[in-house]
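# Close look at the chain arrangement
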Amino acid sequence: MKKGNRLIVVLVILLLIGSSLFAQGAAEQMKKPVNLVFVARNTTKPAAYEEIFAAFKAKTGHTVELQLLPSGEEYGVLMQTRFATGDYPDLFEMDPGTKQYTKFNSANLVDLTNDPVIWTRAQASAKAFQTLEGKIFGMPWGSTGNFGVYYNKDVFKAIGATEPKNYNDLVEILKKAKAAGYIPVYDAVNTQWPLQVYSLAAWPTYVDPTIGVEGVAKLDSNQLRLNEIPAFREVLVRQVALRTMGLLQNNFMSGTYDEQLELFGQGKVAVLFQLSGILNSLRDKFGLDFVNSKIGWFPMPAADGTGIATLQPASQILIPSKGNNVAVALELAHFMTEKANLDIWYKHNPGVPAYKDVTVSLYAPELTVVEYNNQGKALVNIQNRLQSSFADYPKLLQQMYIDGDVDKVLNMLDENYRRTGKARVIPGF
Amino acid sequence: MTYQSSLKRYPTWFLLPALLVFGALFVFPTILSFFFSFTDWNVNRSVVSFIGLENFRELFADAKLRATISNTLVYSFSVTFLRNLMGLLLALMLNLSLRGKNLLRTLFFLPYVIAPIVIGYLFKAVYQSQHGLLNTLLRSMGLAFLAKDWLNDPNIALFSTIMVDVWRTTGFTMVIYLAGLQLIPKELYESAHIDGANGLWRFFHVTFPLLAASVTVNVVLSLIGTMKVFVMIMVLTNGGPGFATEVLNTYINNYAFAFGLYGYGTAANMILSVLILILGVPVLVFLRRREVEL
Amino acid sequence: MKHIHNTSAVTMADTRVLRKDLLGMRSSRLVTNALVTAVLALGLVMVLAPFLMMFLNSFKNTRESALFKLTWSATASLDNYKGIISNKSFWRGMGNSLIITLSTVLVTNTAAAMGAFFIQRMGNRLAKTAYFLFFTGLVVPISIIPTIKVMQWLQLHNTYPGIVLFYTATNMPFTIFLLTGFMKSVPRELDEAALIEGSSYFRLFTQIIVPLLITPLITSSIVITTNVWNDFFAPFYLISSTKRQPIVISIHRFVSMYGTDWGVVFAFMVMVITPVLLIYAFLQRYIIDGLTSGSLKG
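Computed from a predicted structure; not experimentally measured.

Rules and cut-offs
- Residues numbered from 1 in each chain as written.
- Chains lettered and ligands numbered in written order.
- Predicted model: local features only at pLDDT ≥ 70, side-chain atom pairs only at ≥ 80, totals over all residues.
- Helix = DSSP H or I, 4+ residues; strand = E, 2+ residues; numbered from the N terminus.
- Rg over C-alpha atoms; globule rule 2.2 N^0.38 Å.
- Buried ≥ 20, exposed ≤ 12 C-beta atoms within 10 Å, placed from the backbone.
- Contact = placed C-beta atoms within 7 Å.
- Domains from an automatic or database assignment.
- Nonpolar A, V, L, I, M, F, W, Y, C, P; charged D, E, K, R; others polar.
- Pairing = 2+ DSSP bridges.
- pLDDT = per-residue confidence, 0-100.
- Axes fitted to C-alpha atoms, helices over the stretch in contact; angles between N-to-C directions.
- Parallel < 35°, antiparallel > 145°, perpendicular 65-115°, else oblique.
- Left-handed = near helix turned anticlockwise from the far one by under 90°.

A separate point is the overall build of chain A. Across its full length, chain A holds 18 helices and 12 strands. A compact globule built from 429 residues would reach a C-alpha radius of gyration of about 22 Å, and chain A, at 24 Å, matches this within 12%. The 429 residues of chain A split such that 47% are buried. Put simply, of all contacts in chain A between residues at least 6 apart along the chain, 78% involve residues at least 24 apart.

This is how it looks when you write it as structure tokens:
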């Protein structure tokens, strides 16, 4: 019938528009050589990757497209969404730790347990950290970082302070700095994520000793709740106290990461609770010499002594097994662990490397961290020891700065933690 | 074949493409959302199971959600009130014969054609506490005491986001009022003149009643639109500081989508739908009445 | 249901009476006029100052642009713009926006014109039901998460056709209303004449009806273009691949976690809004009428 024909004509027109666009996409994928998609967090400076990828292209002809996505909790979910929709990248950066294997379902990841190349080059500790029940799905990448207290040596000198012996000592130094016209602590409340550093850096010093390894295990299996740990509550109470004692910058609610670095570099700020990532940014802004000679580091001081350092293990790179070019992706992974390419990476991103025999010069403050580690006075960031997440923690801490209500924040954090555990089907939740 | 029978034969396939696309990508997902809001569907589960009212129980147990709903309503009603007030004022002024009135209309409407995300970032700069345009202006006028940290002070952040939306949409409201004003027969004014009525009296007894249609359209459209606000808040404050400016759509994104809790997020979206329907049914009734001739 | 073009044609003759004054204070007309001019001027400054700030600072370097001054800088340069123009992903984003916007205009107009033709001419139960269904689309908010699921089932998630069809669905109610309203002014006698002469419905539609719908189709095209070009919500949820993301998403990506280079951000935003501004400058009347006509049917 004619009617039917007309219907077909119209639908064909609509379909043509669609399919021509489809076809375009399909044609792109068929082209040789391969174009790999490498996803990283947008906090990563692309320069090192770009240099390595250029070398990879020169050697193999394959190109690599670097896609930068918003970091933080959102990043993990974006990647999970891409897995759920079959939109696999060829390789992607991820937070360290074996909990990512459950998050992304290891069945969807390339098994690297018996990889002949990576483990001959990686540090044993990095390998161990990525191992779960004898299996490894993530290739370590980058450096072991740290959380802690960074201070400006010039400011300390000007107010006659030395590294604090205990927490009260630290508070006294901050008060002295304030009296001398310095900003005692600059907190990037508006940027949000830096707010977490205080309590995460305090966890090994204050919380681990009271709950022990068993406590962490219980937390991990939902037998202990985050709002039932008095030591953790005290940490947050101390963080709020910095605000109530007036030891933060004026207008702390609008504090940004950028301004934090700027004022710290200019010598107007005594102390930052920050992670080692700031060293790279400070070098870019104020030079290598400044970082090595003017910045000091110590762990969150305990009530009665120096504290325990908090380590952030190197990130990992995961390869989805259902990607379009798994073999080439693996080739790139191996290529990245060659000495020349690791050297490129650590030239741009100095830090305690996850690989052996690489050329890297550590920033002076990091040498202190290494010492702590060698003395066995260091623990891994609690977030990397738990499978569930401190979801939305930065925003909760921001709320804590507004109303000073520590218990409200703890209850909400506990709720988020358990909800995430339940959603991820972690045993015990 | 008679003419009568041919009239009845407009082939149904004319309607099909529109109905199919709209049915598949709007109606069907909307129906699905009823279903999903009672499930534990999330990014980590391939098997979805029914959990009854659990999502809604969790939602209403969340103190954040209560603040979120109240923020959404405050935002929606404030924007609606202010943009109508200012839009009507501007329309009345532009309805006088002024030179350059068309140019003014064009310029006042301008913000409405710009992508809201651009406006959001633009006002992040305008509101910046140290060097932002607004505070600089206030200080230069000797009003330094009015200079605030507009987006980071939890007490005024919501107000600040409201003003951005008012800034963006007043031109739109104004144009609708202008069109409405131009529909008012001048004879009405002439007879009112002869009666010796004064301006205010005329506004409230002649102009305003005849603008009722425009008012209804403006108010209801604004209510529906602002309840769905997302990008503007996401860019300006992302619901912060703390939860001071959290609205339903940012809540859905920040606590459901970002956590991969799809069932929970769909349930939250149901709450938004119900709120909008409560406010939106009047427009349905009102506009349906004007569509009777179809 | 009159169309907006008719209503605005009534226009300014009526203002003769009104123009005497705003509220009837004839004696103080001068004062009123001065007051009105002052208020309008103030309003104008409020509307334009942020745009001016964006434009001026888009030529400045990081440090200077962070001061947001309303002045021209001695060190102003085109560096920010050059950086953006030489960025491949910028052009890809613009290209994606263009593909998505044009496809949506085409598909929506085609489907809506056909639908409106059927709905207005048939007026039977099916037509009325469909009309009501489209109507609900103006009020009920999108359930984005289930939409993602449906897209996945249809293999449309993260594809151009997927987002184009989604925009087609969301723009359908408005377009159907606009065109249905206009269809009423197209005399039925045309249909009858054509059909009696043995023309098919397909020919009747394409050769007689569509040419008469050109005016509202231009209006709907402009509305859809602004809606789609400016939209953030849909691509934010429906397109995860950076290869297919429209330019609006890049603005969000651009302002990374580690702070903002305002000069570059402003330059970027100026580039993104330029196409819309150009269309607005030349077709502002259509845009204003179009964007408001959906709401002022009747």
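What follows picks up the thread again.
Residue and element names in this part refer to chain A. As assigned here, chain A comprises domain 1 (34-142 + 314-356) and domain 2 (145-312 + 370-423). Between the C-alpha centres of domain 1 and domain 2 there is a distance of 29 Å. Listed per partner, the contact involves nine residues of domain 1 and nine residues of domain 2. A class-by-class count of the residues in the side of domain 1 that touches domain 2 yields two nonpolar, five polar and two charged.

The next thing to look at is the pairing of strand 7 (residues 269-275) of chain A. Residues and elements named next belong to chain A. Of all seven residues in strand 7, seven are buried, a share of seventy percent or more. As paired elements, strand 5 (residues 143-152) and strand 7 share five bridges and run antiparallel to each other. Within the sheet, the bridge partner assigned to Phe 147 lies in strand 7 and is Leu 275. With two bridges joining them, strand 6 (residues 183-185) and strand 7 adopt parallel strand pairing.

Time to look at the environment of C:Val264. Residue and element names in this part refer to chain C. By secondary structure assignment, the location of Val 264 is in helix 15 (residues 262-293). Expressed as a C-alpha distance, the spacing of Val 264 and Tyr 167, which sit 97 residues apart in the sequence, is 30 Å. If near-sequence neighbours (up to four positions away) are discounted, Val 264 is found in contact with Asn 80 and Gly 83.

Let us now look at the confidence of the model for chain A. For chain A, mean pLDDT is 89; residues scoring 70 or higher make up 93% of the total. The spread of mean pLDDT over the elements of chain A runs between helix 1 (residues 2-30) of chain A, the lowest at 54, and strand 6 of chain A, the highest at 97.

Residue and element names in this part refer to chain B. Running from N to C, helix 8 (residues 157-182) and helix 11 (residues 212-227) point in directions that differ by 155 degrees, and their axes come no closer than 9 Å. As far as their axial angle goes, helix 11 and helix 8 are roughly antiparallel. In this structure, the crossing between helix 8 and helix 11 has a hand that is right-handed. Residue-level inspection shows Asp 165, Thr 173, Ile 176, Tyr 177 and Gly 180 of helix 8 in contact with helix 11, the latter providing Ala 213, Ser 214, Val 217, Asn 218 and Thr 226. A breakdown of the residues in the contact of helix 8 with helix 11 according to their chemical character gives four nonpolar, five polar and one charged.

Turning to the interface of chain B and chain C, a few remarks are in order. Contact residues are listed per partner, giving 87 residues for chain B and 90 residues for chain C. Tallying contributions element by element places helix 2 (residues 16-36) of chain B first for the side of chain B that touches chain C, with 15 residues. Here the residues of the side of chain B that touches chain C are counted per class, giving 64 nonpolar, 17 polar and six charged.

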